[in-house]
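Structural characterization, general
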2 protein chains.
Amino acid sequence: MYPELFDKLIEHLRRLPGIGEKSAERFAFFLLDQDEEYLTEFGNTLYDLKDKIGFCPVCGFISDKNECELCKDENRDRSKILVVSYSKDVIAIEKTKAYNGLYHVLNGVISSKKGIYPDDLNIEALLKRIDGEVKEVIVATSPTFDGETTALYLDKILNSKGVLVTRLASGLPMGASLDYADELTLIKAMNNRRKFEG
Amino acid sequence: MYPELFDKLIEHLRRLPGIGEKSAERFAFFLLDQDEEYLTEFGNTLYDLKDKIGFCPVCGFISDKNECELCKDENRDRSKILVVSYSKDVIAIEKTKAYNGLYHVLNGVISSKKGIYPDDLNIEALLKRIDGEVKEVIVATSPTFDGETTALYLDKILNSKGVLVTRLASGLPMGASLDYADELTLIKAMNNRRKFEG
């Protein structure tokens, strides 16, 4: 019913994660309403994306394919590497301003369900980075089944390298009601309980 | 923190209706994961959009800027014109297969709040279509405040043209529970009650 090009646009938009027919249609009509400049610039970013954006060869963080700013930053504590699954996790940690070490991005998690194994992840490059300077590797994969699997795997291979391997704490999220916490979180919070400081 | 081009892509995606920072970021990482072909084709549709897509000069439905298929269709009942606010409303009505007349798309609704007045809508072209052949104009704007305002306005100017002006019925939606209906809908349903047919 719609003109062919418009149908194509809807089809492209439908592929975006979590976007169904209705939303894709809404996006397409919104785009038709925008000025030429925005559409051309948007189109340009799509054209250049694969050419210009890739991953830092050292840590795997999204970059212009060269060593990223985080790796180059001389003010960072080079004795610590914090390992995350995705680039956006780096942004989440950076926002806390509570960490000043280096990062390593796996760009995925081990998942037997999805057929993702250690060789598919950016682990080889991590092992290469464990020289004398690095004292601690903090594993910050998500506390999900796949995230835990990945963490256990990393712990196993890194321990033999003579480096301290730690894991982010699990427990009740700040501001949460105890009665809304799920059982697994409560069990973690009980097992990891600690004395008051002070 | 992200490379400049990636930040730009996130910014472009954020402008889509209902899309916040998190979703735009998710879309951007999804796009980075796609193959070159899809990205190029997606980019092409954005480039060509304004050039190739516009509105049917007769009815205002989205088209390749020429008279649309609906207007050209000789099998349609040319004595009826159904007036809707947006092109996607045409699709919704066509899906029902319950209507076989012509359409007219206003491409908006009268809204004093948004500063949209009759002159901003595709009404002039509608008046031109009221020749001897058209017997009925069915006003199918949404039963919202702005939709009702638009409907009343159309009724006023079309009545003087000697054409029958009708409005889609308002009432309880099929399958709905009476106790979940809002008051206005209930009042409409009461006022528009009718005798059983048969």
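Residues numbered from 1 in each chain as written. Chains lettered and ligands numbered in written order. Predicted model: local features only at pLDDT ≥ 70, side-chain atom pairs only at ≥ 80, totals over all residues. Heavy atoms only, no water.

1. Some remarks on the overall build of chain A
Tallying secondary structure elements over chain A gives eight helices and six strands in all. For chain A, the N- to C-terminal ordering of α and β elements is α-α-α-β-β-α-β-α-β-α-β-α-β-α. On C-alpha atoms alone, chain A measures out to a radius of gyration of 22 Å, which is more than a quarter above the 16 Å that the 2.2 N^0.38 rule sets for 198 residues. For chain A, the spread of C-alpha atoms along the three principal axes comes to 65 × 45 × 35 Å. (Helix = DSSP H or I, 4+ residues; strand = E, 2+ residues; numbered from the N terminus. Rg over C-alpha atoms; globule rule 2.2 N^0.38 Å.)

2. So, the interface of chain A and chain B
Contacts between the two partners involve 49 residues from chain A and, on the opposite side, 49 residues from chain B. Buried surface at the junction of chain A and chain B, both sides included, amounts to about 5,300 Å², of which 75% is carbon and sulfur. In terms of surface lost to chain B, no three residues of chain A exceed Met1, Tyr47 and Lys50 of chain A, which account for 13% of the buried area on that side. Seen at the junction of chain A and chain B, the total is zero salt bridges. In this structure, the connection of chain A to chain B is made through 10 residue pairs in polar contact (both at pLDDT 80 or more). Mapped by element, the contributors of at least two residues to the side of chain A that touches chain B are α1 (4-14), α2 (21-32), α3 (36-52), β2 (62-63) and α5 (87-96) of chain A. With 15 residues, the top contributor of residues to the side of chain A that touches chain B is α3 of chain A. Looking at the side of chain A that touches chain B, its residues break down into 27 nonpolar, eight polar and 14 charged. (Contact = heavy atoms within 4.5 Å. Buried area = accessible area lost by both parts, 1.4 Å probe. Salt bridge = Lys/Arg side-chain N within 4 Å of Asp/Glu carboxyl O. Polar contact = N/O pair within 3.5 Å; in protein donor to acceptor, adjacent residues only side chain to side chain. Nonpolar A, V, L, I, M, F, W, Y, C, P; charged D, E, K, R; others polar.)

3. Digging into the pairing of strand β5 (residues 136-139) of chain B
Within a regular strand, side chains alternate between the sheet's two faces. Where burial is concerned, the two faces of β5 of chain B agree: the one with Glu136 and Ile138 of chain B and the one with Val137 and Val139 of chain B are both buried. Traced from β5 of chain B through helix α7 (residues 145-159) of chain B to strand β6 (residues 164-167) of chain B, the parallel crossover comes out right-handed. (Buried < 20%, exposed > 50% of the residue type's maximum accessible area, 1.4 Å probe, protein only. Right-handed = clockwise from strand over helix to strand, strands pointing away.)

4. Quick look at the pattern of salt bridges
All names here are of chain A. Taken as a whole and assessed by the stated rule, the structure comprises 12 salt bridges over all chains. Notably, a salt bridge pairs Glu21 with Arg14, separated by 3.0 Å at the nearest N-O pair. Put simply, Glu148 and Arg167 hold a salt bridge, and the shortest N to O gap is 3.5 Å. Linking Glu148 in helix α7 (residues 145-159) with Arg167 in strand β6 (residues 164-167), this pair joins segments that are 19 residues apart in sequence.

5. Brief notes about α7 of chain B
Residues and elements named next belong to chain B. With 15 residues, α7 ought to run about 21 Å at 1.5 Å a step, and its terminal C-alpha atoms sit 21 Å apart, in line with that. Here α7 has its buried residues at Gly147, Thr150, Ala151, Leu154, Ile157 and Leu158. Projected onto a plane normal to the axis of α7, the buried residues spread over an arc of 140 degrees and lie on a single side. Exposed residues on α7 whose side chains face more than 90 degrees from its buried face are Phe145, Leu152 and Lys156. (Expected span 1.5 Å × (residues − 1). Arc of directions from axis to C-beta.)

6. Quick notes on the nonpolar core
Burial of nonpolar side chains together is a common tendency in soluble globular proteins. The biggest cluster of nonpolar side chains holds 74 residues, and the ones touching the most others in it are Phe6, Leu31 and Phe61 of chain A together with Phe6, Leu31 and Phe61 of chain B. What Phe61 of chain A contacts, discounting residues up to four positions off in sequence, is Gly54, Phe55, Cys56, Cys68, Leu70, Ser87, Val90, Ile91 and Val105 of chain A together with Met1 and Tyr2 of chain B. (Core = buried A, V, L, I, M, F, W, Y, C linked by side-chain atoms within 4.5 Å.)

7. Let's talk about the packing of α1 of chain A against helix α3 (residues 36-52) of chain B
At their nearest, the axes of α1 of chain A and α3 of chain B sit 9 Å apart, and the two run at 140 degrees to each other. Judged on the interaxial angle alone, α3 of chain B and α1 of chain A are oblique. Pair α1 of chain A / α3 of chain B crosses with left-handed handedness. Listed contacts from α3 of chain B to Leu5, Phe6, Lys8, Leu9, His12 and Leu13 of chain A of α1 of chain A are Tyr38, Glu41, Phe42, Thr45, Leu46, Asp48, Leu49 and Lys52 of chain B. (Axes fitted to C-alpha atoms, helices over the stretch in contact; angles between N-to-C directions. Parallel < 35°, antiparallel > 145°, perpendicular 65-115°, else oblique. Left-handed = near helix turned anticlockwise from the far one by under 90°.)

8. Details of the domain arrangement of chain A
Under the domain assignment used here, chain A contains domain 1 (4-52) and domain 2 (62-167). Computed over C-alpha atoms only, the centres of domain 1 of chain A and domain 2 of chain A are separated by 34 Å. (Domains from an automatic or database assignment.)

9. Thoughts on unusual backbone geometry
Glycine aside, the phi torsion of most residues is negative, and most peptide linkages are trans. Its identity is not glycine, yet Lys65 of chain A carries a phi of approximately 80 degrees, on the positive side. Within the secondary structure, Lys65 of chain A sits in the loop between β2 and α4 (69-72). Look at Asn107 of chain B: it is not a glycine, yet its phi comes out positive at around 55 degrees. Tracing the chain through its elements places Asn107 of chain B in the loop between β4 (101-105) and α6 (124-129).

10. Overview of the sheet that holds strand β4 (residues 101-105) of chain A
Residues and elements named next belong to chain A. Pairing is parallel across the open sheet formed by four strands, whose spatial order is β4-β3-β5-β6. Pairing within the sheet leaves two strands with one partner each, and these edge strands are β4 and β6. Going across the sheet, the axis of each strand differs from the next one's by a mean of 25 degrees, ignoring polarity. Across five bridges, strand β3 (residues 77-84) lies against β4 in parallel orientation. Each residue of the ladder has a partner; that of Asp77, found in β4, is Gly101. Relative to β4, α5 is tilted by about 155 degrees, and along the sheet it contacts β3 and β4. Docked against the sheet, α7 engages β3, β5 (136-139) and β6, running at close to 165 degrees with respect to β6. (Pairing = 2+ DSSP bridges.)

11. Remarks on the relation of the copies chain A and chain B
Expressed as a screw operation, the relation of chain A to chain B combines 0.0 Å of axial shift with a rotation of 180 degrees, fitting to an RMSD of 0.1 Å. Taken together, the turn and the small shift mark the pair as related by a two-fold rotation axis. Within chain A, the C-alpha atom positioned nearest to the axis of rotation is that of Gly43 of chain A, 2.1 Å from it. Comparing contact sets, 100% of the residues at the interface of chain A also lie at the interface in chain B, consistent with an isologous, same-surface contact. (Least-squares fit on C-alpha atoms with pLDDT ≥ 70 in both.)

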